[in-house]
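What the coordinates show
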Amino acid sequence: MKMIFFGPPGSGKGTQAKLIAKKLNILHLSTGDILRDKLDDSDKLSKQLKKIMSSGNLVSDKIINQIISNKLISKVCSTGYILDGYPRTISQSEYLLSFMKNNNIIIDLIFDFKIDFKIVKERIIHRSLKEKRSDDNLDSIKTRIDNYSKETYPVSQFFSNNFSQNYFTIDASQEVSHIQKELMKIIKKGEN
Ligand code: ADP
């Protein structure tokens, strides 16, 4: 099962992706998590990433495309995965679509988490107190939401228009367990 999760920062798509990936025993490919892991290195790239991510800006398409394509061709991905945080720009989605075509990859399901930006802000501020993520501050939240509206929302619309049969919107303001059930119901149907 291969899936893409779209949604603004703080919509809970990462939480759901983690739970579903564990349940189905597939990989959770979160570009945010992959990048955050790189921050522990002490090279030039990690310094650049720190600066970009703590301000809430997007890392370059070139870096991200390379990271993702290396992952997607690896053996661990053969049983399936959830793409969380990718593609995030039109250029990334063009890259992914051509990569999929060249490697005969078909995306089974696309979930788009919809939520009011006011709730998102409250959730991220709450999360910042618990998780201490360096990009969970007020300035960066604004930049990330703006980036989502400008860059990622059009990508989700593209997938909604071109993959309408596999595309499902999710009301992300609901409880974690409720969303989980809703996702599993659609996934089970997709498996049959
Ligand atoms: P959120 O969606 O809550 O902002 P993520 O964990 O998905 O958090 O991403 C954190 C940061 O990592 C982003 O603000 C951005 O700087 C970087 N990032 C993640 N995915 C991408 C991507 N596909 N393209 C560019 N930058 C990315």
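Refer to the preceding data block for the structure.
Residues numbered from 1 in each chain as written. Predicted model: local features only at pLDDT ≥ 70, side-chain atom pairs only at ≥ 80, totals over all residues. Heavy atoms only, no water.

1. Here's the deal with the side chain of K13
Looking at the element boundaries, K13 is found in helix α1 (residues 13-24). What K13 contacts, discounting residues up to four positions off in sequence, is F5, F6, G7, D84, G85 and F113. (Helix = DSSP H or I, 4+ residues; strand = E, 2+ residues; numbered from the N terminus. Contact = heavy atoms within 4.5 Å.)

2. Some thoughts on the site of the ligand
For the ligand, the set of nearby residues contains 19 residues, the closest of which are T31, N57, G85, Q92 and R144. Within the backbone of N57, one N or O atom sits 2.5 Å away from an oxygen atom of the ligand. Burial of the ligand by the protein amounts to 97% of the accessible area it has alone, namely 540 Å². Ranked by residues supplied to the shell around the ligand, first place goes to helix α2 (residues 31-38) with four residues. Tallied by class, residues from the shell around the ligand come to seven nonpolar, five polar and seven charged. (Near = heavy atom within 4 Å. Polar contact = N/O pair within 3.5 Å; in protein donor to acceptor, adjacent residues only side chain to side chain. Areas by Shrake-Rupley, 256 points an atom, 1.4 Å probe, with all protein chains shown as cover. Nonpolar A, V, L, I, M, F, W, Y, C, P; charged D, E, K, R; others polar.)

3. Thoughts on the pairing of strand β3 (residues 81-84)
Along any regular strand the residues' side chains alternate between the sheet's two faces. Neither face of β3 is open: one carries Y81 and L83, the other I82 and D84, and all of them are buried. Pairing between strand β2 (residues 27-30) and β3: four bridges, direction parallel. Within the sheet, the bridge partner assigned to L27 lies in β3 and is Y81. (Buried < 20%, exposed > 50% of the residue type's maximum accessible area, 1.4 Å probe, protein only. Pairing = 2+ DSSP bridges.)

4. Some thoughts on the packing of aromatic side chains
Applying the stated criterion to the full structure yields eight aromatic pairs. With a centroid separation of 5.7 Å and an interplanar angle of 80°, the aromatic rings of F158 and F159 are classed as edge-to-face. Overall, F158 belongs to the partly exposed group, its relative accessible area being 31%. When the ring of F159 is compared with that of F163, the centres are 5.2 Å apart and the planes differ by 20°; the resulting orientation is stacked. You can call F163 partly exposed: its relative accessible area is 23%. Taken together, the ring pairs connect F5, F111, F113 and F168 into an aromatic cluster. (Phe/Tyr/Trp six-rings, centres within 6.5 Å; stacked < 30°, edge-to-face > 60°.)

5. So, the sheet that holds β3
Backbone-to-backbone hydrogen bonds pair the strands of a sheet. The strands run either parallel or antiparallel. Ordered by their spatial adjacency, five strands build an open sheet running β2-β3-β1-β4-β5, and the pairing between neighbours is parallel. The strands lining the two open edges of the sheet, one partner per strand, are β2 and β5 (167-171). On average, each strand axis in the sheet is tilted by 20° relative to the strand beside it, whichever way the strands run. Here strand β1 (residues 2-6) pairs with strand β4 (residues 109-114) via four bridges, running parallel. (Axes fitted to C-alpha atoms, helices over the stretch in contact; angles between N-to-C directions.)

6. Points about the environment of L129
With respect to the element layout, L129 can be found in helix α6 (residues 117-131). Along the primary structure L129 and K189 are separated by 60 residues, whereas in three dimensions their C-alpha atoms are 38 Å apart.

7. Overview of the packing of α2 against helix α4 (residues 61-72)
Across the interface, α2 lies against α4 with an axial gap of 11 Å and an inter-helix angle of 105°. With respect to each other, α2 and α4 are oriented roughly perpendicular. Here T31, I34, L35 and K38 of α2 come into contact with α4, specifically with I64, I67, I68 and K71. (Parallel < 35°, antiparallel > 145°, perpendicular 65-115°, else oblique.)

8. Comments concerning the pairing of β1
With five of five residues buried, β1 lies mostly within the body of the structure. Residues K2, I4 and F6 of β1 are buried on one face, and the alternating residues M3 and F5, pointing to the opposite face, are buried as well. Across four bridges, β1 lies against β3 in parallel orientation. Within β3, the position partnered with F5 by the bridge is D84.

9. Re the pattern of salt bridges
In this structure the tally under the stated criterion is six salt bridges. Between D112 and K114 there is a salt bridge whose closest N-O contact spans 3.4 Å. In this structure D112 comes out as buried when scored by relative accessible area, which is 0%. Linking D146 and K142 is a salt bridge whose minimum nitrogen-to-oxygen distance equals 2.9 Å. Taken together, the residues span about one helical turn, with D146 and K142 both in helix α7 (residues 138-162) at a distance of four residues. Judged by relative accessible area, D146 falls into the partly exposed class, the value being 31%. Using a relative accessible area of 52% as the deciding quantity, one classes K142 as exposed. (Salt bridge = Lys/Arg side-chain N within 4 Å of Asp/Glu carboxyl O.)

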